[in-house]
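In case you want the letters, here they are:
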Amino acid sequence: MLFVELMGKLRDLWHPSAGDRKRKVFVAGLSSTATKSVTAALGALGWDVRYCPTDEVTVGEVIRGECDLSLLREADGVSDIMTLPCLRRLLRLYPDALVVRTHRDKQSWLRAMKVHWDHLDAHNDPKQPPHVLRMRSYLLSSVYRTTSFTEELLSEAYDRHVNDMAELWSEERHRWLTLDIASRRQKYTSMELWDMLAGFLNVDSHKVRNRPFYDLKEENEFLGDFNRTQEEAVAIR
């Protein structure tokens, strides 16, 4: 009996119950929709969500279409367009996972993407190793069906993304939170945004709610420590 009880306790340590585990969180949004700021906010609330990780293992898995990423054995989630090709499968793999969807109105998003892609070369960037460029090209092709700014293709990609998200949301709306903060249409205060996100995660926001939630122009102050540990994340913004 003692042996059985001991093995039961060890099993609980190795495989904690769902109530004892942090639920995975996937930040699902197109580029330039504040995915990076939301990822940093999740970090401030205690979630280790990886913003476009570019280690060689993850890159290889992403390019091969292997959605059960090795890093998810230790990380609490992934963020940005990396989640989009795999989101449906990720939600099947992690049935209690949560999704934070970042949104922006189309015209504002297209203007931001034009500026963003003026400084983006999917194929020739001397600052990035070859495997990062391969992933960048793969994700841009998968999500946008182009690796250079083409307004018509990006407009189609936006509509396709909105429809895909609406379909997924309709199936499992209880585990979705949509934040439209990049277009600034909603006019939320930082406190309201912290409370929305913390409430969605079922955690207390009192330690962070007096901090700025995001800053699209001057992210460095808020993201300081986060950026220092995620410097390669700028490979795909």
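In this text the structure is predicted, and so the values were computed from the model without any measurement. Chains are numbered independently. Their residues run from 1 in the order of the written sequence. The predicted nature of this model means local features are confined to residues of pLDDT at least 70 and side-chain atom pairs, given and counted, to a pLDDT of 80 or more, with totals for whole chains, interfaces and linings taken over all residues. The side-chain numbers reported here are obtained from all heavy atoms of the structure, hydrogens and water having been left aside.

K.L.:
Could you give an account of the overall build of the chain, with specific residues and numbers?
P.N.:
Only DSSP runs of H or I reaching four residues or more are called helices, and only runs of E reaching two or more are called strands; each is numbered from the N terminus. A count of helices and strands for the chain gives nine helices and five strands. The buried label applies to any residue whose accessible area, calculated with a 1.4 Å probe on protein chains only, is under 20% of its type's maximum; exposed applies above 50%, and partly exposed to all values in between. Of all 237 residues assigned to the chain, the portion counted as buried reaches 49%. Put simply, of all contacts in the chain between residues at least 6 apart along the chain, 74% involve residues at least 24 apart. Each accessible area value is a Shrake-Rupley result obtained with a 1.4 Å probe; residue values ignore everything except the protein chains displayed when judging cover. On the chain, roughly 12800 Å² of surface is accessible, and the fraction owed to carbon and sulfur atoms is 50%. We call two residues contacting when some pair of their heavy atoms lies within 4.5 Å.

K.L.:
Please provide a residue-by-residue account of the state of the cysteines, values included.
P.N.:
The disulfide criterion used throughout: a pair of cysteine sulfur atoms within 2.5 Å. Scanning the model with the defined rule gives one disulfide in all. Two residues share a disulfide in this structure: Cys67 and Cys86, whose sulfurs sit 2.0 Å from each other. For the disulfide bridge between Cys67 and Cys86, the dihedral angle about the S-S bond is near -75°, and by the sign convention the bridge is left-handed. Residue Cys67 is found in the loop between α3 (56-63) and β3 (77-79), and its partner Cys86 is found in the loop between β3 and α4 (87-93); the two are separated by 19 residues along the sequence. Here Cys67 matches Cys86 in class, with each residue buried.

K.L.:
Requested: an account of the environment of Thr102, with residues and values cited.
P.N.:
Considering the arrangement of structural elements, one finds Thr102 in strand β4 (residues 98-102). Distance from Thr102 to Leu179, taken between C-alpha atoms, is 5.0 Å for residues 77 residues apart in sequence. With near-sequence residues (within four places) excluded, Thr102 lies in contact with Val27, Ala28, Gly29, Thr33, Ala34, Thr35, Val38 and Leu179. At a separation of 2.7 Å, a polar atom in the side chain of Thr102 contacts the side chain of Thr33. Here a polar contact is recorded for every N or O atom pair within 3.5 Å, except that within protein the pair must consist of a potential hydrogen donor and a potential acceptor, and residues adjacent in sequence are included only if both atoms are side-chain atoms.

K.L.:
An account of the packing of aromatic side chains is needed here, citing residue identities and associated values.
P.N.:
Working definition: rings of Phe, Tyr and Trp (its six-membered ring) pair if their centres are within 6.5 Å, and the pair is stacked with planes under 30 degrees apart, edge-to-face with planes over 60 apart, and tilted otherwise. Applying the stated criterion across every chain yields a total of five aromatic pairs. When the ring of Trp109 is compared with that of Tyr144, the centres are 6.1 Å apart and the planes differ by 40°; the resulting orientation is tilted. With Trp109 in helix α5 (residues 106-118) and Tyr144 in helix α6 (residues 130-144), the pair connects residues that are 35 residues apart, well separated along the chain. Relative to Tyr158, the ring of Trp109 has its centre 5.4 Å away and its plane inclined at 45°; by these criteria the two rings are tilted. In this pair, Trp109 sits in helix α5 while Tyr158 sits in helix α7 (residues 151-171), placing the two residues 49 residues apart along the sequence. On the basis of relative accessibility, which here comes to 8%, the residue Tyr158 falls in the buried class.

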